[in-house]
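A structural walkthrough
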Number of protein chains: 2
Amino acid sequence: MKSINIILSSIIITSACAAFAQENIRPGVAPIVSPQLDENGAVTFRLFAPNAKSVQLEGNILSGQKMVTEKGDTIPVSSIEMVPDNGVWSVTLQNLPADLYSYNFNVDGVKVIDPVNVHTERDVMNVSNVVLVPGEASEDYAIRAVPHGTVSQAWYHSSFKDSDRRLTIYTPAGYEAGTKRYPVLYLLHGMGGDETAWPTLGRATQILDNMIAAGTVEPMIVVMPNGNIDRDAAPGQSPLGFEVPEFYLPHTMDGSFEKHFPEIIEYIDSNYRTINDKDSRAIAGLSMGGFHSLNTAAAYPDKFSYLGLFSSAINPREFTTELPEIYANRDQKIRDLNSRGLKKFWIGIGVDDFLYGLNKDFRADLDADGIPYIYYESDGGHEWKNWRKYLHQFLPLLFK
Amino acid sequence: MKSINIILSSIIITSACAAFAQENIRPGVAPIVSPQLDENGAVTFRLFAPNAKSVQLEGNILSGQKMVTEKGDTIPVSSIEMVPDNGVWSVTLQNLPADLYSYNFNVDGVKVIDPVNVHTERDVMNVSNVVLVPGEASEDYAIRAVPHGTVSQAWYHSSFKDSDRRLTIYTPAGYEAGTKRYPVLYLLHGMGGDETAWPTLGRATQILDNMIAAGTVEPMIVVMPNGNIDRDAAPGQSPLGFEVPEFYLPHTMDGSFEKHFPEIIEYIDSNYRTINDKDSRAIAGLSMGGFHSLNTAAAYPDKFSYLGLFSSAINPREFTTELPEIYANRDQKIRDLNSRGLKKFWIGIGVDDFLYGLNKDFRADLDADGIPYIYYESDGGHEWKNWRKYLHQFLPLLFK
């Protein structure tokens, strides 16, 4: 057998040229950098598009930007014109608050993902680029050099359609090597979301890693199921294949998910080292997931001692038939839930949320019934920016 | 407390309009469908771009397409012109063989992800859409209604840079509920890849689910580490944040990964129900990962009874210093590995692979030394299409 020759393997040259093409498409010119993060929250976006007539920046990166109309009204900005220079279009946003943002470009009417930023996330039917503006408010959204939990995608059997259904499970750092048992938070997504929403857009696993490492949050197992019971898993992850995501799915708010929720608890308590009791179990969710959380806790009052509603839907979707049994007499069920010992009942919503009024009415009802809760009111509306913040507020209250 | 009113929650209306905007941007006109899969492997791609001057289809979806030049040479096609009709550009490819493909559009020189296909995958520095053309050859790449294994992203501690490093772990269906111990395959990616490559582009977890369910593959644990030992995790998953992926990373082929490989085995055998012996341990990889597999098996001849080289690199990258100790005397190490009992030594490569010649020389050396191996030669070159096929060939040979 020949001895090994030390050579520059041709694989490197071949593949690297293809790979770098995205970054440096004009020989002899510096590669495009986008996004470029500078100090004090200045972020510059660039796109090489020499033939474009107009290029705009879009996405929730603009959520804090306002403009004044001819009539003198201040209104939100939904897109910003980018300016060309030698074929490179750019725009700089100043003083962006620390947070996770999404963005994309629009080139002559076509939505375009930034070709030099490989970091994308899907929010229901939209794929966008992501950028994390660093700072104190976002430091727990970043992946830091702390012990990391394990994130698993597992499948439990549901009697609904007799199918296997996918969920995301976070087990805290040290779980595999230890023998300790842990409390469990069930963390639910909103309409159009799925079991991938909290671990991506919600930065839930980063928030957990960082807060557990800091000692402000108890080590816990966090279970993120798929609340669309008509689907086995997120789009692209079920036997439906690379399906087009649907916003309106059957059975999302008709009681089917809540009715079958005990199957999830049973799967988790049977297969993970949980503390299988009420005081070590929490449920929380955003929007439709808040609605699911409220009704699940109310339907099984011996199961949960912690309940969190983040920008929560309060009422189900319309029905042609009557209200499902599991949603009936909810007032009484909530009083019963409270009387059996609800250690923390947490409600958070933004002042601009379209569900603000319904939540206000709901809180008035709780007040009238003498049911205690913690209320957190934020700026903004129905958006991930708030749900990450609410999770960050809610987690330190659990299991103490 | 008020009784629940059955209403159409405004959340649905608000969010749905935003979500559907991608699909139906021209009121009163049918939504864009892309890709559209018809019978016999016909796939139509469409993009609404009324202001574009030219739109092309690109990606490995074209890998089988050829054109004849003016000189009469038949050459591969790297892009195909799409044709406009009322602002909708389209092209149909006929008779595509069943497989997983990637594609993107190019609009007036700008790379564009299909805005109505949310299914994307990153291959090193390129994000593309994916489409699965169904058929016998790709049926094990699809998610089918069979029992599914759990896919976890976990972190082990490495003494290299004293860091926690991420890996993907597949445990077969039934693992959580059972007490059985399983054999382990270590499955390694190529240069520029990471611990997310085999589970996404490689369809490894689907192939495992389907072949285990069919009884053709033994239930096994499959560990997919990150072979870039200078990085803790894939781009976007490490403390480096949303970094720009780099193709040339330090320490990828200098022996560091192989030297620290026992730390991975130790982590897996300590934390998972493995059968901790040589005959229940396999290692295989593609390209750089084949090189890593070969050298790891050779360096630890009591650890592995199965070795798979998929389009494998044979030689390390160039060094300014001398050959690392772990790569020295490899001929002798391979003879030693063989003499201790290598149950299966599998080599696969495509006839168009730029590493074909080096693999041929390597096989000649094995032949000269009387070392048996199984050789599989395919069409095509250095591409995922082949690596999925090789995994599909290799898995049934293990642990029997």
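Residues numbered from 1 in each chain as written. Chains lettered and ligands numbered in written order. Predicted model: local features only at pLDDT ≥ 70, side-chain atom pairs only at ≥ 80, totals over all residues. Heavy atoms only, no water.

Some thoughts on the overall build of chain A
Here is the rule we go by: Numbering goes from the N terminus for both helices and strands, where a helix is a DSSP run of H or I of at least four residues and a strand is a run of E of at least two. Any two residues whose heavy atoms approach within 4.5 Å are treated as being in contact. Only the protein chains shown count as cover for residues, and all accessible areas are computed by the Shrake-Rupley method using a 1.4 Å probe. The charge count includes Lys and Arg as positive and Asp and Glu as negative, but it does not include His or the ends of the chains. The atoms used to mark charge sites are NZ of Lys, CZ of Arg, CG of Asp and CD of Glu.
Regarding its fold elements, chain A presents 9 helices and 20 strands. Restricting the contact set of chain A to residue pairs at least 6 apart, pairs at least 24 apart contribute 73%. Carbon and sulfur atoms make up 50% of the accessible area of chain A, which amounts to about 15,500 Å² in all. In chain A, which carries 34 positive and 49 negative side-chain charges, the distance between the mean positions of the two groups comes to 3 Å.

A few points about the sheet that holds strand E2 (residues 43-48) of chain A
Residues and elements named next belong to chain A. Going by this rule: Each pair of strands is called paired provided DSSP finds at least two bridges between the two strands.
Read from one edge to the other, the open sheet built from 4 strands follows the order E1-E2-E8-E7, with strand pairing classed as antiparallel. At either margin of the open sheet sits one strand with a lone partner, and together these are strand E1 (36-37) and strand E7 (83-85). Bridge analysis of E1 against E2 gives 2 bridges, and the strand direction is antiparallel. Among the inter-strand pairings, Leu37 is bridged to a residue of E2, identified as Val43.

Here we look at the pairing of strand E11 (residues 120-123) of chain B
All names here are of chain B. Where E11 and strand E12 (residues 126-133) come together, 4 bridges link them in antiparallel fashion. Across the sheet, residue Thr120 finds its bridge partner in E12, namely Asn129. Following E11, the chain reverses through 2 residues before pairing antiparallel with E12; Val124 in that reversal takes a positive phi of roughly 60 degrees.

Details of the pattern of salt bridges
Spelled out, the test is: Each salt bridge in this description consists of a side-chain nitrogen of Lys or Arg and a carboxyl oxygen of Asp or Glu lying within 4 Å of one another. Residue exposure (1.4 Å probe, protein chains only): buried if accessible area is under 20% of the type maximum, exposed if over 50%, otherwise partly exposed.
Considering all chains together, one arrives at 24 salt bridges over all chains under this definition. Residue Asp194 of chain B pairs with Arg122 of chain B through a salt bridge whose shortest N-O separation is 2.8 Å. Separated by 72 residues along the polypeptide, Asp194 of chain B in the loop between strand E15 (184-188) and helix H2 (197-200) and Arg122 of chain B in strand E11 bring together distant segments of the chain. Arg122 of chain B matches Asp194 of chain B in its accessibility class, with the two residues each being buried. Put simply, Arg144 of chain B and Asp140 of chain B hold a salt bridge, and the shortest N to O gap is 3.0 Å. In this structure, a network of salt bridges that share partners links the residues Lys161, Asp230, Arg231, Glu243 and Glu246 of chain A.

Quick word on the packing of helix H3 (residues 204-214) of chain A against helix H9 (residues 384-394) of chain A
Residue and element names in this part refer to chain A. Threshold: Under this scheme, a helix contributes an axis fitted over its contacting stretch, all axes are lines through C-alpha atoms, and angles between N-to-C directions fall in the 0 to 180 degree range. Angles are sorted into four bins: roughly parallel if under 35 degrees, roughly antiparallel if over 145, roughly perpendicular if 65 to 115, and oblique for all others. Crossing handedness follows the turn of the near helix against the far one: under a right angle anticlockwise gives a left-handed crossing, and clockwise gives a right-handed one. Here the term charged refers only to Asp, Glu, Lys and Arg, the term nonpolar to Ala, Val, Leu, Ile, Met, Phe, Trp, Tyr, Cys and Pro, and the term polar to all other amino acids, Gly among them.
Direction vectors running N to C along H3 and H9 enclose 30 degrees, while the axes themselves pass 11 Å from each other. Judged by the angle between their axes, H3 and H9 are roughly parallel. Helix-helix and strand crossings are classified by hand; for H3 and H9 the assignment is right-handed. Residues Ala204, Ile207 and Met211 of H3 lie in contact with H9, whose contacting residues are Arg388, Leu391 and His392. Residues of the contact of H3 with H9, tallied by class, amount to 4 nonpolar, 1 polar and 1 charged.

Here's the deal with the sheet that holds strand E8 (residues 88-93) of chain B
In space, the 4 strands of this open sheet follow the order E1-E2-E8-E7 (chain B), with antiparallel pairing throughout. Every other strand in the sheet has two partners, leaving strand E1 (36-37) and strand E7 (83-85) of chain B as the edge strands with one partner each.

Considerations on the confidence of the model for chain A
Where we set the bar: Per-residue confidence from the predictor is reported as pLDDT, which spans 0 to 100.
Averaged over all residues, the pLDDT of chain A equals 92, while 92% of them reach at least 70. Within the model, pLDDT remains below 50 along residues 1-24 of chain A, and this stretch shows 59 contacts once partners closer than five positions in the same chain are excluded.

Digging into the packing of helix H6 (residues 288-299) of chain B against helix H7 (residues 330-339) of chain B
All names here are of chain B. One way to put it is that H6 packs onto H7 with a least axis distance of 8 Å and a crossing angle of 70 degrees. Comparing the axis directions of H6 and H7 gives the class roughly perpendicular. Considering how the two elements wind past one another, H6 and H7 form a crossing that is left-handed. Listed contacts from H7 to Phe291, Leu294, Asn295, Ala297 and Ala298 of H6 are Arg330, Lys333, Ile334 and Leu337. When grouped by side-chain class, the residues that make up the contact of H6 with H7 number 6 nonpolar, 1 polar and 2 charged.

Brief notes about the side chain of Arg363 of chain A
Counting through the fold element by element, Arg363 of chain A comes out in helix H8 (residues 356-368). For Arg363 of chain A, the contacting residues outside a window of four places in its chain are Ile347, Tyr356, Tyr373, Tyr375 and Glu377 of chain A.

Details of unusual backbone geometry
Residue and element names in this part refer to chain A. The omega angle of the peptide bond from Ser34 to Pro35 is -5 degrees, so this bond is cis rather than trans. Considering the arrangement of structural elements, one finds Pro35 in the loop between helix H1 (10-20) and E1. A positive phi angle, near 55 degrees, is found at Asn95, a position not held by glycine. Within the secondary structure, Asn95 is located in the loop between strand E8 (88-93) and strand E9 (99-107). The phi angle at Val124 is positive, at roughly 60 degrees, despite the residue not being glycine. Tracing the sequence through the fold places Val124 in the loop between strand E11 (120-123) and strand E12 (126-133). Exposure remark for Val124: the relative accessible area of 12% places this residue in the buried category.

Some words on the pairing of strand E2 (residues 43-48) of chain B
Residues and elements named next belong to chain B. With 5 of 6 residues buried, E2 lies mostly within the body of the structure. Adjacent in sequence and paired antiparallel, E1 and E2 are bridged by 5 residues, among which Asn40 carries a positive phi angle near 60 degrees. As paired elements, E2 and E8 share 6 bridges and run antiparallel to each other. For Leu47, the partnering residue across the bridge sits in E8 and is Trp89.

Looking at the nonpolar core
Soluble globular proteins: nonpolar side chains tend toward being buried together. Counted only if it meets this: Side-chain atoms within 4.5 Å link the members of a nonpolar core, which is a set of buried Ala, Val, Leu, Ile, Met, Phe, Trp, Tyr and Cys residues.
By size, the foremost hydrophobic cluster in this structure holds 48 residues, and its most contacted members are Phe45, Leu57 and Ile61 of chain A together with Phe45, Leu57 and Ile61 of chain B. Those residues within four positions of Leu57 of chain A in sequence are excluded, and the remaining contacts are Phe45, Leu62, Ser78, Ser79, Ile80, Met82, Val91, Leu93, Tyr103, Asn104 and Phe105 of chain A. Membership of the second largest hydrophobic core comes to 37 residues, among which are Val184, Tyr186, Val223 and Phe257 of chain A.

Quick look at H6 of chain B
Residues and elements named next belong to chain B. In plain terms, the rule: What a helix should span is 1.5 Å times the count of its residues minus one.
The end-to-end C-alpha distance of H6, which contains 12 residues, comes to 16 Å, matching closely the 16 Å that a straight helix rising 1.5 Å per residue would cover. Buried residues dominate H6, accounting for 11 of its 12 residues. The complete set of buried residues in H6 reads Met288, Gly289, Gly290, Phe291, His292, Ser293, Leu294, Asn295, Thr296, Ala297 and Ala298.

Concerning the side chain of Thr44 of chain B
Residues and elements named next belong to chain B. Going by this rule: Polar contacts, as counted here, are pairs of nitrogen or oxygen atoms within 3.5 Å of one another; within protein the pair requires one atom able to donate a hydrogen and one able to accept it, and residues that are adjacent in sequence qualify only if both atoms are side-chain atoms.
Among the structural elements, Thr44 can be located in strand E2. With a relative accessible area of 6%, Thr44 lands in the buried category. One polar contact links Thr44 to Thr92, side chain to side chain, over a distance of 2.7 Å. For Thr44, the residues in contact, after removing those within four places along its chain, are Ser34, Pro35, Gln36, Asp38, Ser90, Val91 and Thr92.

A closer look at the environment of Lys400 of chain B
Residues and elements named next belong to chain B. Residue placement: Lys400 occurs in the segment after helix H9 (384-394). Separated by 182 residues in sequence, Lys400 and Glu218 have C-alpha atoms that sit 7.7 Å apart. Discounting residues that sit within four places of it in the chain, Lys400 has contacts with Thr216, Val217, Glu218 and Tyr306. A distance of 2.8 Å separates the side chain of Lys400 from the backbone oxygen of Thr216, its partner in a polar contact. At a separation of 3.0 Å, a polar atom in the side chain of Lys400 contacts the main-chain carbonyl oxygen of Pro396.

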